[in-house]
Amino acid sequence: MHIEASDGTQLHVKDMGEGKPVLLIHGWPLSGDMFEYQTLALLEAGYRVITYDRRGFGLSGHPASGYTYDRFADDLADIITQLDLQQLSLVGFSMGGGEIARYLSRHGGARIDRVALVGAVVPYLCKDESNPDGVEATVFEEMKEKIREDRFAFLQSFGKQFYGVGLMSHPVSSALQDWSFALGIMASPKATIDCVDAFGYTDFRGDMAAFTMPTLIVHGTSDAVVPIDVSARAAARAIPQAVLVEYDGEPHGLLATVPRRLNADLIAFLSGSPDLPNREQRFDEAVEDAGVDASKIALFP
């Protein structure tokens, strides 16, 4: 279905299942479909799962402008309000973590129960005098130039970095890489370029105080797209009640490289557990409470 944003842009939304709602916010340059493994596991654990395509991506409208985090946060608010979601858990992957931060500071957390940041870009990626450990601005400028020159070649190369694929490392299949490429080319070229500025240069440090609810932060220590020191570890310092779980040696695309572990961590956290080291026990308790056979939950492909 489509939901109309306050500026008239059509946002493609999938709303599946019953139970406590969980809204998944995708990363760049893909779409809501990137959460295939998480969607199935959450549905089978008894949750209502909502995904959507960010404006300019997937099956949402592709306007010529509006690719800023204020606008993205307002789009998220439009979806939450029109679906009348309450006691909602938000899961933001990569760029999607920025949506959550800006949504909370602009619209408040009255409807939000819990938040998970997975490989997220918050609090601030770009290197400057106030952020000496950040990513050089030249990295973002080179990305935009490569997209302009040959977006398709860029997406293929970026996909390998995204999933940590190398000569001796094949954490995902070539078929899954092809699927990710197909999701990426559905995006507007304008949105693909403008969003590099959005996630690369937006400073969310002023938004971090709005994280007043239980927050899970998950990040791979070998993430070459969003380095862990300037993102997850900095976010954990800024959110006193956050639980930081580091996946040793994992790349950016851990939704597909270690879906079993991530799905178990998410379900344990969403069930109300602050104790992620005991996630296997908490996972069993959560699915038992939901009246579901744990053996039938798709924790991994």
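The preceding data block contains the structure.
Bear in mind the structure is a predicted one, so any value in this text is a computation, not a measurement.

Draft legend 1. Looking closely at the overall build of the protein. Helices and strands together make up the secondary structure of the protein, namely 10 helices and 8 strands. Looking at the protein as a whole, 55% of its 301 residues are labelled buried. Relative to all contacts within the protein whose residues are 6 or more apart in sequence, the contacts with residues 24 or more apart total 75%. Split by element, the accessible area of the protein, about 12300 Å² in all, is 50% carbon and sulfur.

Draft legend 2. Just the nonpolar core, in detail. Leu23, Trp28, Leu90 and Phe199 are the most contacted members of the largest nonpolar core, which totals 95 residues. Sorting elements by how many residues they give to this core places helix H4 (residues 137-163) first, with 8 residues.

Draft legend 3. Expanded view of the packing of aromatic side chains. The full count for this structure, using the stated rule, is 12 aromatic pairs. Taking 4.7 Å as the distance between ring centres and 85° as the angle between the ring planes, the aromatic pair formed by Tyr69 and Phe204 counts as edge-to-face. Taken together, the residues Tyr69 in helix H2 (residues 69-82) and Phe204 in the loop between helix H6 (189-201) and strand S7 (215-220) connect sequence positions 135 residues apart. Considered together, Tyr69 and Phe204 belong to a single accessibility category, that of buried residues. Ring centres of Phe93 and Phe162 lie 5.9 Å apart, and the angle between their planes is 65°; this geometry places the pair in the edge-to-face category. Of this pair, Phe93 sits in strand S5 (residues 88-93) while Phe162 sits in helix H4, placing them 69 residues apart in sequence.

What counts and what doesn't
Residues numbered from 1 in each chain as written. Predicted model: local features only at pLDDT ≥ 70, side-chain atom pairs only at ≥ 80, totals over all residues. Heavy atoms only, no water. Helix = DSSP H or I, 4+ residues; strand = E, 2+ residues; numbered from the N terminus. Buried < 20%, exposed > 50% of the residue type's maximum accessible area, 1.4 Å probe, protein only. Contact = heavy atoms within 4.5 Å. Areas by Shrake-Rupley, 256 points an atom, 1.4 Å probe, with all protein chains shown as cover. Core = buried A, V, L, I, M, F, W, Y, C linked by side-chain atoms within 4.5 Å. Phe/Tyr/Trp six-rings, centres within 6.5 Å; stacked < 30°, edge-to-face > 60°.

Spatial relationships are all this shows, so hold off on functional conclusions.
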